[in-house]
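# Inside the fold
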Amino acid sequence: MADTKVQATSKASNPAKKASATKGKAAVETAKQPQNVKPAANKAAKAATDAPKATSPAKAEYSKETYLTWYEQMMLMRKFEEKAGQLYGQQKIKGFCHLYIGQEACVAGAVSALTKDDKWITAYRDHAHPLALGTSPNAIMAELFAKATGCSKGKGGSMHMFDKEVNFIGGHGIVGAQVPMGAGIAFAEKYNKTGNLCIAYMGDGAVRQGALHEAFNMAMLWKLPVIFVVENNGYAMGTSVQRSSNVTELYTIGESYDMPSEPVNAMNVEDVHEAVARAAERARAGEGPTFLEFKTYRYKGHSMSDPAKYRTKDELEDYRSRDTIEAVRHTILTHNLATEEDLAAIDEKIKGQVQESVEFAEKSDYPTADELYHDVYVQQDYPYIRD
Ligand SMILES: Cc1ncc(C[n+]2csc(CCOP(=O)(O)OP(=O)(O)O)c2C)c(N)n1
Ligand SMILES: [Mg+2]
């Protein structure tokens with residue numbers, strides 16, 4: 001493993017790129033065993049690229065178990081959110097609602113590269129992360145319905161999913177706010193010598209927030225075990241990256257801080273997995289943060305109220321034609337990792353889970369009024385609360 005290990009030097013211009021050129025099995029052999037992953041013996045080294053991929057690789061690079069896990073996780077995200085979109089149309093779900101459809105690989109590929117003790121934080125497009133981490137779909141659907149059985153007790157809604165059990169630390173509505181929080185969580189992991197890291201997601205709209213730059217500087221200075229991920233889906237609400245940023249290769253922003261940074265074709269779950277595994281290896285070795293630019297696309301508008309008129313149909317169809325779930329499905333079938341019937345059985349199971357989550361949410365009660373006074377501060381008797 002020594003020959004493939006990333007060099008620990010804060011002055012290296014871009015160790016992440018060097019690692020991608022030399023990486024092989026080291027990428028998936030993190031200090032702690034990643035979740036669900038069994039690399040195939042002959043897995044080829046491959047550099048991260050933003051070049052689109054419509055077809056699956058010539059060889060199945062990971063085991064059957066890994067591909068089926070990715071398929072199931074991403075299909076659950078998609079079907080769950082399609083249902084949430086429908087329910088929003090029926091006004092069963094109200095308020096804000098941002099769907100992740102199209103971006104599923106950004107989460108599935110990272111779950112497989114990290115351990116269950118690592119911490120996760122993201123912005124308001126936050127249903128997929130806890131779903132993949134193992135939060136019950138019932139608790140997420142109930143949260144969307146604002147019911148007391150929701151993962152945030154019905155007090156958070158779509159933008160504020162939380163689940164301590166699976167180390168999902170929200171769900172944040174203020175653009176960029178979770179970036180320094182992610183660094184802070186990583187600081188705690190380092191301080192407590194846990195060996196865990198924090199992965200902090202943000203949208204492309206967040207990279208121009210001042211808080212990001214302060215957090216990047218401190219994370220590098222203190223070599224915090226954090227993986228910063230920008231999900232660059234091309235638009236911040238309806239404003240394209242080209243209209244708001246002079247630098248459009250967003251990963252290069254990390255280089256100003258000497259932070260190892262790289263672009264990743266996030267329509268491709270394997271590329272996501274490999275980039276996150278490299279970053280995790282570096283973080284656990286005490287070498288500090290990484291900045292990954294996941295090049296991705298959301299098929300839906302920014303939120304349910306956005307008809308997405310700022311983009312062309314052709315652009316959307318282009319991304320749909322290299323859909324991440326279809327690519328995994330294609331790999332599974334062409335390499336005989338499972339049959340059409342096996343995949344249909346998974347689809348059927350997911351349909352049942354989603355249906356059950358809706359019934360659970362419908363049947364659950366709303367929180368009672370006294371809940372307004374609970375979970376406001378960690379300390380029950382915080383001095384500024386008065387009767
Ligand atoms: C500090 C702050 N400013 C403005 C907003 C309003 N707002 C919500 S989402 C958003 C755009 C964020 O863009 P991006 O991160 O690319 O997210 P995407 O639209 O792709 O989900 C804005 C400006 C906000 N929530 N917080
Ligand atoms: Mg965006």
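Counting starts from 1 at the beginning of each chain's written sequence and moves along it residue by residue. Here every chain gets a letter starting at A, and every ligand a number starting at 1, in the order they are written. Residue-level local features of this predicted model are given only where pLDDT is at least 70; pairs of side-chain atoms are given and counted only at 80 or more, and the full residue set underlies all totals for whole chains, interfaces and linings.

Turning our attention to the pairing of strand β6 (residues 261-265). Of all 5 residues in β6, 5 are buried; the element is thus mostly enclosed. Partly exposed residues are those falling between the two cut-offs: more than 12 but fewer than 20 other C-beta atoms within 10 Å of their own, whereas 20 or more means buried and 12 or fewer means exposed, with C-beta atoms placed from the backbone. A helix here means a DSSP run of H or I that spans at least four residues, while a strand means a run of E at least two residues long, and both kinds are numbered starting from the N terminus. What you see with β6 is no split at all: S261, P263 and N265 on one side and E262 and V264 on the other are buried throughout. For two strands to count as paired, DSSP must find a minimum of two bridges between them. Sheet topology places β6 next to strand β7 (residues 290-295); 5 bridges connect them, and they run parallel. Residue N265 lies in a different strand from β7, and its bridge partner there is K295. Once the chain exits β6 it traverses helix α10 (residues 269-284) before rejoining the sheet at β7, and the crossover so formed is right-handed. The crossover handedness rule: strands pointing away from the viewer, path from first strand over the helix to second strand clockwise, crossover right-handed.

The next subject is the packing of helix α5 (residues 137-144) against helix α13 (residues 340-363). For the pair α5 and α13, the least separation of the axes is 8 Å and the interaxial angle reads 45°. Comparing the axis directions of α5 and α13 gives the class oblique. The two elements α5 and α13 cross, and the hand of that crossing is right-handed. In this structure, α5 uses P137, N138, M141 and A142 to contact α13, whose residues at the interface are Q353, V354, E356, S357, V358, F360 and A361. Only Asp, Glu, Lys and Arg are considered charged, only Ala, Val, Leu, Ile, Met, Phe, Trp, Tyr, Cys and Pro nonpolar, and every remaining residue, Gly among them, polar. Across the contact of α5 with α13, the residue classes break down as 7 nonpolar, 3 polar and 1 charged. Axis angles are defined between N-to-C directions and span 0 to 180 degrees, where every axis is a line fitted to C-alpha atoms and, for a helix, only to the segment in contact. Orientation labels follow simple angle bins: below 35 degrees gives roughly parallel, above 145 gives roughly antiparallel, 65 to 115 gives roughly perpendicular, and whatever is left gives oblique. With the far helix as reference, a near helix turned anticlockwise by less than a right angle produces a left-handed crossing, and one turned clockwise produces a right-handed crossing. Residues are scored as being in contact if the C-beta atoms we place from backbone atoms lie within 7 Å.

Using a C-beta atom placed from the backbone, a residue is scored as near a molecule or strand whenever that atom is within 6 Å of it. For ligand 1, the set of nearby residues contains 14 residues, the closest of which are V175, G203, D204, G205 and A236. In the shell around ligand 1, the residues fall into 6 nonpolar, 6 polar and 2 charged.

This part takes up the sheet that holds β6. Ordered by their spatial adjacency, 5 strands build an open sheet running β1-β2-β3-β7-β6, and the pairing between neighbours is parallel. The outermost strands of the open sheet, each flanked by one partner alone, are β1 (119-121) and β6. Going across the sheet, the axis of each strand differs from the next one's by a mean of 20°, ignoring polarity. Note that strand β3 (residues 226-232) and β7 share 6 bridges and pair parallel. Directly across from F228, in β7, lies its bridge partner F291.

Nothing here speaks to function; it is all geometry.
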